[in-house]
Amino acid sequence: MAMIDVSQVNALAQKLAAAPLKKQALVAAAVKKGAQNIKEAIQEDVQGSSNKAIRRIPIAYEMKAESTRIEADIGPRKEGAGNLANIAFFGTERGGGTHKFYGHGEDELPTAADYVRKAAEGL
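The notes below deal with the structure included here. Note that the coordinates shown come from a computational prediction; the quantities given were computed from them, not determined experimentally.

Concerning the overall build of the chain
Line of reasoning, step 1. What the chain contains, in helices and strands, is 5 helices and 2 strands.
Line of reasoning, step 2. For the chain, the N- to C-terminal ordering of α and β elements is α-α-α-β-β-α-α.
Line of reasoning, step 3. Across the 123 residues in the chain, those meeting the buried criterion constitute 33%.
Line of reasoning, step 4. Entry remark: accessible area of the chain is about 8100 Å², with carbon and sulfur atoms responsible for 51%.
Line of reasoning, step 5. Of note, the chain has its 17 positive side-chain charges centred 4 Å away from the centre of its 15 negative side-chain charges.

Structure (structure tokens):
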């Protein structure tokens, strides 16, 4: 499992406590854009599967905001073909695990962090 250092994002969240609402809305939009990019990258990845059921795994994200904390929870829906996500992303003793999950988040993190940084300029 890949770990992503979010200490800079947490430090920014503390600064957001004093930010005007407009800046907070811009930061939320930046987080949403990053989440959408990750969702689309995961969808594109599973679309390349040779397994028809894996190609149908639904990926979604949910935005969450609490005080000054803004986050997106991205993952497969737990229904129908979504039940195959563990096999597609992590595999079993018989194989599988050929699709990236956390890797797409790692790839998008620098761009998303740049979006957030620009949205929060002047804090």
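Now that the structure is up, let's keep going.
A closer look at helix 5 (residues 102-119)
Line of reasoning, step 1. For helix 5, which comprises 18 residues, the first-to-last C-alpha distance of 25 Å matches the rise-based estimate of 26 Å (1.5 Å per residue) to within 8%.
Line of reasoning, step 2. At Leu-109, helix 5 shows its largest kink, close to 45°, and the proline Pro-110 lies no more than four residues downstream.
Line of reasoning, step 3. Regarding helix 5, the residues found buried are Gly-103, His-104, Gly-105, Glu-108, Ala-112, Val-116 and Ala-119.

Considering the pairing of strand 2 (residues 69-76)
Line of reasoning, step 1. As judged from the 8 bridges shared by strand 1 (residues 59-66) and strand 2, these two strands associate in the antiparallel manner. Residue pairing for strand 2: Met-63 is matched across the bridge by Ala-72.

A short note on the pattern of salt bridges
A side chain of one charge can pair with a side chain of the opposite charge when the charged atoms of the two come close.
Line of reasoning, step 1. Under the criterion given, the structure shown has 5 salt bridges.
Line of reasoning, step 2. Lys-100 is the salt-bridge partner of Asp-107, the closest N and O atoms lying 2.7 Å from each other.
Line of reasoning, step 3. On the basis of relative accessible area, Lys-100 is assigned to the partly exposed category, the value being 38%.
Line of reasoning, step 4. Where Asp-114 meets Lys-118, a salt bridge forms, and the shortest distance between an N and an O atom there is 3.3 Å. In this pair, Asp-114 and Lys-118 both sit in helix 5, 4 residues apart, roughly one turn of the helix.
Line of reasoning, step 5. Look at Asp-114 and you get partly exposed, because its relative accessible area is 28%.
Line of reasoning, step 6. A relative accessible area of 51% places Lys-118 in the exposed class.
Line of reasoning, step 7. The structure contains a network of salt bridges with shared partners spanning Asp-114, Arg-117 and Lys-118.

Reading the values: rules and limits
- Residues numbered from 1 in each chain as written.
- Predicted model: local features only at pLDDT ≥ 70, side-chain atom pairs only at ≥ 80, totals over all residues.
- Heavy atoms only, no water.
- Helix = DSSP H or I, 4+ residues; strand = E, 2+ residues; numbered from the N terminus.
- Buried < 20%, exposed > 50% of the residue type's maximum accessible area, 1.4 Å probe, protein only.
- Areas by Shrake-Rupley, 256 points an atom, 1.4 Å probe, with all protein chains shown as cover.
- Lys, Arg positive; Asp, Glu negative; His and termini not counted.
- Charge placed at Lys NZ, Arg CZ, Asp CG, Glu CD.
- Expected span 1.5 Å × (residues − 1).
- Bend = angle between axes of the 7 residues up to and from the residue.
- Pairing = 2+ DSSP bridges.
- Salt bridge = Lys/Arg side-chain N within 4 Å of Asp/Glu carboxyl O.

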